[in-house]
Amino acid sequence: MALKIGLLGLGTVGTGTAQILLDPNGRHPLLQGLSLHRVGVRSLSKSRQVELPESLLTTDLEEIVTDPQVDIVVELIGGLEPARSLILKAIAHGKHVVTANKAVISRYADEIFTAANEKGVYVMLEAAVGGGIPVIQPLKQSLGANRIHRIMGIVNGTTNYILTRMQQEGADFAEVLAQAQQLGYAEADPTADVDGLDAADKIAILASLAFGGRIKLSEVYCEGIRNINASDISYADRLGFVIKLLAIASRDPQATPENDLLSIRVHPTLVPKAHPLASINDVYNAILIEGEPIGQVMFFGRGAGAGPTASAVVSDILNIAAVLHSPVSGELHPLMSCSHQHYCNLAPMENLMTRFYSRFVTQDEPGVIGKLGTCFGSHDVSIESIVQIDTHGELAEIVVVTHDVREGNFRQALDEIKSFNVVNRIPSILRVL
Ligand SMILES: NC(=O)c1ccc[n+]([C@@H]2O[C@H](COP(=O)([O-])OP(=O)(O)OC[C@H]3O[C@@H](n4cnc5c(N)ncnc54)[C@H](OP(=O)(O)O)[C@@H]3O)[C@@H](O)[C@H]2O)c1
Ligand SMILES: N[C@@H](CCO)C(=O)O
Ligand code: NA
């Protein structure tokens with residue numbers, strides 16, 4: 001008997017999903033056993049890019065998630081509410097759920113997965129991170145034998161597009177953002193993308209899967225790209241780096257069960273040009289996973305867009321369909337369900353060991369570089385390079401790159417340096433991979 005899909009949302013991803021469901025030939029045979037039963041939208045009068053019988057459309061989304069005939073609810077409306085409530089209601093009515101909604105999952109995974117486990121239904125979210133790039137299922141299944149040490153990714157296409165254009169054209173952030181909005185790459189309200197919030201949602205989800213515990217989103221350090229300017233991109237370039245917005249989750253390999261702290265953060269990062277993530281440009285995403293024994297594995301592709309994202313949505317539907325077609329054991333499939341119960345502990349940022357790039361505008365006079373060097377040294381901050389890059393009248397621009405240092409020590413040194421009369425301002429402080 002055909003499995004009935006209740007689709008919530010017929011926007012970019014909903015349309016892509018409906019198009020695949022209505023055109024199963026040449027795809028996996030299980031697709032033939034799926035039928036699009038109802039489609040929930042906000043406006044019935046909008047013209048649509050997919051032809052559907054009018055009777056399928058409704059604005060009553062509650063009716064879909066409570067419809068006894070619906071087997072799988074696919075939530076593609078986005079936003080926190082009513083998406084969260086509809087997902088919970090669908091679960092309460094025994095529906096399996098597929099969603100692309102990283103904002104809801106990163107905030108409400110606890111209540112959603114607890115409810116799903118109690119009800120014996122699946123909640124699948126491959127499209128929520130990296131769009132069409134398979135990364136959720138690989139973490140749950142194909143990489144299950146590994147101890148994951150670190151996940152590092154470019155998981156936001158909008159900011160990667162902006163940084164790539166800035167890099168290639170020497171343009172400033174505001175100029176490129178405006179063009180990206182005109183082209184429809186960046187949303188009218190770009191906050192979630194450019195301030196790193198979208199990437200924080202995504203790395204919280206990936207970390208939860210990689211490290212087997214829930215993550216409090218409020219504890220994820222998040223810094224966006226608004227302050228990146230053309231000078232830093234150019235100086236970074238001269239030093240052999242490109243600037244990327246990285247989302248990073250790592251576990252100290254030496255961690256003991258008593259002292260198992262994770263570091264989860266999103267921030268612009270100077271990436272050495274030879275690093276595999278340095279060449280990921282435009283709207284592309286890539287996620288590099290490091291584990292034992294696999295070593296490094298990288299996933300690359302389109303992190304957004306109708307087709308790529310719908311590819312992930314439909315693959316989740318197929319996974320559920322496959323399990324529902326298998327002999328019934330009464331238990332949830334352990335490689336598809338969520339078994340996390342506890343919250344992970346996150347390390348404070350001041351304990352992070354990282355390299356830093358910082359740019360100082362100072363008086364152009366003898367002894368300034370020496371003063372900076374001495375101050376860093378007194379805080380146990382070891383310097384890899386310190387160069388005067390430019391002079392503007394009486395002012396000099398000095399760029400410092402450190403070795404791996406404790407972030408707390410580096411910040412203390414900066415506090416002291418800020419009080420030096422010869423230091424005019426410190427326009428940029430960025431971490432270096
Ligand atoms: N776009 C991407 O490339 C992409 C990539 C990865 C993940 N995602 C995620 O996928 C989800 C959907 O994104 P999208 O880009 O497809 O969004 P979208 O184009 O804005 O479409 C949203 C759809 O949901 C409907 N909708 C929204 N609120 C509703 C409500 N309260 N009641 C009834 N219908 C409602 C809209 O109806 P109308 O059509 O009638 O307005 C529209 O069809 C989001 O969670 C997003 O984060 C998107
Ligand atoms: N706004 C997101 C879309 C996919 O989640 C991006 O730019 O990557
Ligand atoms: Na994905």
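A few points on the structure. From a predicted model like this one, the values you see are computed outputs, not experimental measurements.

## A short note on the packing of helix H3 (residues 83-92) against helix H4 (residues 102-119)
- For the pair H3 and H4, interaxial distance at closest approach is 9 Å and the crossing angle is 10°. Between H3 and H4, the interaxial angle falls into the category roughly parallel. In contact with Ala-83, Arg-84, Ile-87, Leu-88, Ile-91 and Ala-92 of H3, H4 contributes Val-104, Tyr-108, Glu-111, Ile-112, Ala-115, Ala-116 and Lys-119.
- Of the residues contributing to the contact of H3 with H4, the split by class is 10 nonpolar, no polar and 3 charged.

## A word on the sheet that holds strand E1 (residues 3-8)
- Spatial ordering of the open sheet is given by E3-E2-E1-E4-E5-E6, a layout of 6 strands whose pairing is parallel. Sheet topology places strand E3 (57-58) and strand E6 (123-124) at the edges, where each strand pairs with a single neighbour.
- With 2 bridges joining them, strand E2 (residues 34-40) and E3 adopt parallel strand pairing. If you follow Val-39 over to E3, its bridge partner there is Leu-57.

## What to know about the coordination of the sodium ion (ligand 3)
- The protein atoms that coordinate the sodium ion (ligand 3) are Glu-126 (O), Glu-126 (OE), Val-129 (O), Gly-131 (O) and Ile-133 (O), at distances spanning 2.3 to 2.6 Å.
- Sequence spacing of the donor residues for the sodium ion (ligand 3), all on one chain, is E-x2-V-x1-G-x1-I. Both residues of the pair, Gly-131 and Ile-133, count as buried.

## Some thoughts on unusual backbone geometry
- Look at the link from Glu-81 to Pro-82: it is a cis peptide, with omega at 10°.
- With respect to the helices, strands and loops of the structure, Pro-82 is situated in the loop between strand E4 (72-75) and H3.
- Following Glu-292, the chain continues to Pro-293 via a peptide bond in cis, the omega torsion being 15°.
- Inspection of the secondary structure assignment puts Pro-293 in the loop between strand E11 (284-292) and strand E12 (295-302).

## Details of the site of ligand 2
- Taken together, Lys-102, Asn-156, Gly-157, Thr-158, Asp-193, Asp-198, Lys-202, Gly-303 and Ala-304 make up all the residues around ligand 2.
- One of the side-chain nitrogen or oxygen atoms of Lys-102 is found 2.5 Å away from an oxygen atom of ligand 2.
- For ligand 2, an oxygen atom lies 2.8 Å from a polar atom in the side chain of Lys-202.
- Its free accessible area being 250 Å², ligand 2 has 83% of it covered by the protein chains.
- The cavity where ligand 2 resides is the largest pocket.
- Secondary-structure elements contributing two or more residues to the shell around ligand 2 are helix H6 (157-169) and helix H9 (197-211).
- Classifying every residue of the shell around ligand 2 gives 1 nonpolar, 4 polar and 4 charged.

## Digging into the layout of surface pockets
- In this structure, the largest pocket spans a volume of roughly 1,800 Å³.
- Lining the largest pocket are 50 residues; nearest its centre among them are Thr-12, Val-13, Gly-78, Lys-102 and Glu-187.
- Looking at the lining of the largest pocket, the elements with two or more residues in it are helix H1 (12-21), H4, H6, helix H8 (191-194) and H9.
- The element that contributes the greatest number of residues to the lining of the largest pocket is H9, accounting for 4 residues.
- Each pocket or cavity is described by its volume, and for the second largest pocket that value is around 580 Å³.
- In terms of lining, the second largest pocket is formed by 27 residues, of which the most central are Ser-250, Ser-263, Arg-265, Leu-352 and Met-353.
- Elements with a contribution of two residues or more to the lining of the second largest pocket: strand E7 (147-154), strand E9 (241-251), strand E10 (261-272), strand E14 (353-363) and strand E18 (423-432).

## Here's the deal with the site of ligand 1
- Contacts to ligand 1 come from 22 residues, most closely from Leu-10, Ser-43, Lys-46, Arg-48 and Gly-305.
- Take Arg-42: an N or O atom from its main chain is 2.9 Å from an oxygen atom of ligand 1.
- Within the backbone of Ser-43, one N or O atom sits 2.8 Å away from an oxygen atom of ligand 1.
- Because more than half of its atoms lie within 2 Å of the grid, ligand 1 is assigned to the largest pocket.
- For the shell around ligand 1, the class distribution of residues is 10 nonpolar, 8 polar and 4 charged.

## Some details on the side chain of Thr-159
- Relative to the helices and strands, Thr-159 resides in helix H6.
- Take Thr-159: its relative accessible area is 0%, and that puts it in the buried class.
- Polar contacts involving the side chain of Thr-159 include one to the side chain of Asn-156, which spans 2.7 Å.
- Not counting the four nearest positions on each side in its chain, Thr-159 is found in contact with Asp-193, Val-194, Ile-225 and Leu-245.

## Focus on empty space enclosed by the protein
- Counting across every chain of the model gives 1 cavity of 30 Å³ or more.
- Reported here for the largest cavity is a volume of approximately 30 Å³.
- Phe-113, Ala-116, Asn-117, Val-121, Tyr-122, Val-123, Met-336, Ser-337 and Cys-338 are the residues that line the largest cavity.
- With 3 residues, the single largest contributor to the lining of the largest cavity is H4.

Scoring rules and cut-offs
- Residues numbered from 1 in each chain as written.
- Chains lettered and ligands numbered in written order.
- Predicted model: local features only at pLDDT ≥ 70, side-chain atom pairs only at ≥ 80, totals over all residues.
- Heavy atoms only, no water.
- Axes fitted to C-alpha atoms, helices over the stretch in contact; angles between N-to-C directions.
- Helix = DSSP H or I, 4+ residues; strand = E, 2+ residues; numbered from the N terminus.
- Parallel < 35°, antiparallel > 145°, perpendicular 65-115°, else oblique.
- Contact = heavy atoms within 4.5 Å.
- Nonpolar A, V, L, I, M, F, W, Y, C, P; charged D, E, K, R; others polar.
- Pairing = 2+ DSSP bridges.
- Donors = N, O, S within 2.8 Å, 3.2 Å for Na, K, Ca; no water.
- Buried < 20%, exposed > 50% of the residue type's maximum accessible area, 1.4 Å probe, protein only.
- Near = heavy atom within 4 Å.
- Polar contact = N/O pair within 3.5 Å; in protein donor to acceptor, adjacent residues only side chain to side chain.
- Areas by Shrake-Rupley, 256 points an atom, 1.4 Å probe, with all protein chains shown as cover.
- 1 Å grid on protein atoms, 1.4 Å probe; cavity = no way out; pocket = protein on both sides within 12 Å on 5 of 7 lines; lining within 4 Å.
- Sits in = over half its atoms within 2 Å of the grid points.
- Points joined across faces, edges and corners; volume = space filled by probe spheres on them.

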